[in-house]
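Structural overview for review
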Amino acid sequence: KGNKHRVVRAGGLPPLLKLLGSSNTSASKINLIDGDDQFNAQRQAARAIFALASNKENQEMIVGMGLTLLIRALSSVDTSVAQYAAGAVANIATGDFQGSIIAAGGVGALLQLSRSPSLEVQAQAIRGLKNLFGEQGDQNRNNKGQLTNT
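Below is a summary of the structure that appears in this document. (Residues numbered from 1 in each chain as written. Predicted model: local features only at pLDDT ≥ 70, side-chain atom pairs only at ≥ 80, totals over all residues. Heavy atoms only, no water.)

**Points about the pattern of salt bridges**
The line we're drawing: What counts as a salt bridge is simple: a side-chain nitrogen of Lys or Arg found within 4 Å of a carboxyl oxygen of Asp or Glu. A run of H or I in DSSP counts as a helix once it spans at least four residues, and a run of E counts as a strand once it spans at least two, with each numbered from the N terminus. When accessible area is computed with a 1.4 Å probe and restricted to protein chains, residues below 20% of their type maximum are described as buried, those above 50% as exposed, and intermediate ones as partly exposed.
One pass over the structure, following the stated rule, counts two salt bridges. As a salt-bridge pair, E57 and R9 come within 2.9 Å of each other at their nearest N and O atoms. Residue E57 is located in helix α4 (residues 56–73), and its partner R9 is located in helix α1 (residues 4–9); the two are separated by 48 residues in the primary sequence. For E57, a relative accessible area of 49% translates into the label partly exposed. In this structure R9 comes out as exposed when scored by relative accessible area, which is 62%. Among the ionic pairs, R43 bridges to D78, the shortest N-O distance being 2.8 Å. On the criterion of sequence distance, the pair formed by R43 in helix α3 (residues 40–52) and D78 in the loop between α4 and α5 (79–92) is long-range, its members being 35 residues apart.

**A word on the nonpolar core**
The condition that has to hold: Here, the term nonpolar core denotes a set of buried Ala, Val, Leu, Ile, Met, Phe, Trp, Tyr and Cys residues that are joined through side-chain atoms within 4.5 Å. We call two residues contacting when some pair of their heavy atoms lies within 4.5 Å.
Core analysis: the biggest nonpolar cluster contains 38 residues, and I49, L70 and L74 have the highest contact counts within it. Of all the elements in the fold, those that place two or more residues in this core are α2 (13–20), α3, α4, α5, α6 (98–103), α7 (106–113) and α8 (119–133). L70 has contacts with L20, I49, I62, A85, A88, V89 and I92, leaving out every residue within four places of it along the chain.

**What to know about α3**
Put simply, the rule is: Expected helix span is computed as 1.5 Å times (number of residues minus one).
Along its 13 residues, α3 runs 18 Å from first to last C-alpha, staying within 8% of the 18 Å computed at 1.5 Å per residue. Of the positions making up α3, those classed as buried are Q42, R43, A45, A46, I49 and L52. Tucked inside the fold, the buried residues of α3 contact α1, α2, α4 and α5.

**Concerning the packing of α2 against α3**
How two helices pack is summed up by the angle between their axes together with the distance between the axes. Where we set the bar: All axes are obtained by fitting lines to C-alpha atoms, using only the stretch in contact for helices, and the reported angles, taken between N-to-C directions, cover 0 to 180 degrees. Oblique is the label for any angle not under 35 degrees, not over 145, and not in the 65 to 115 range, which are roughly parallel, roughly antiparallel and roughly perpendicular in turn. Left-handed describes a crossing whose near helix is turned anticlockwise from the far helix through less than a right angle; right-handed describes the clockwise counterpart. Under the convention adopted here, Pro, Cys and the residues Ala, Val, Leu, Ile, Met, Phe, Trp and Tyr are nonpolar, Asp, Glu, Lys and Arg are charged, and Gly plus all remaining residues are polar.
Their axes nearest at 8 Å, the elements α2 and α3 cross at an angle of 135°. The pairing of α2 with α3 is recorded here as oblique in orientation. Seen along the crossing, α2 lies across α3 with a hand that is left-handed. Along the contact surface, α2 presents L13, L16, L17, L19 and L20, while α3 presents A41, Q42, A45, A46, A48, I49 and L52. Along the lines of polarity and charge, the residues of the contact of α2 with α3 split into eleven nonpolar, one polar and no charged.

**Some details on α5**
Rules: Contacts described as polar in this section are N or O atom pairs within 3.5 Å, which, within protein, must combine one atom able to donate a hydrogen with one able to accept it, while residues neighboring in sequence count only if both atoms come from side chains.
With 14 residues, α5 ought to run about 20 Å at 1.5 Å a step, and its terminal C-alpha atoms sit 20 Å apart, in line with that. Within α5, eleven of the 14 residues are buried, which leaves the element mostly enclosed by the surrounding structure. Those residues of α5 lying buried are V81, A82, Y84, A85, A86, G87, A88, V89, A90, N91 and I92. As for α5, its buried residues are in contact with α2, α3, α4, α6, α7 and α8. Taking the backbone nitrogen of S80 as reference, a side-chain oxygen 3.2 Å away marks D78 as the first, capping residue of α5.

This is the structure in structure tokens:
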């Protein structure tokens with residue numbers, strides 16, 4: 001927990017976002033290490049961003065630099081990438097960026113993931129929706145009105 005803000009301050013977020021947004025087709029141009037697959041880099045980047053997003057100080061930077069990439073990762077065919085991306089979105093939804101998530105199309109993507117065959121993916125997607133629309137205060141009441149527009 002103590003190093004999460006240090007990773008971002010040291011410039012670790014842009015390379016992670018670049019890996020998260022890397023096309024799966026470009027993976028064939030990368031020499032894979034035995035045991036790796038084409039999604040390994042994205043999976044590890046999504047996992048790291050998930051952890052970093054639990055820190056309030058990091059959420060603004062993640063939203064500012066890569067919310068679109070994070071929302072796009074929710075549609076990954078790799079269930080681990082989708083799970084970690086959903087977890088990161090759920091973490092960010094606990095802060096001041098709920099409107100940004102909604103505007104970026106996060107609600108539709110989370111709703112789609114809530115029907116995943118993977119229970120782990122479902123759990124993170126539902127946690128994200130709960131954080132966006134749960135009974136946590138005025139902001140969530142405002143978000144509920146935006147749900148019908150999604």
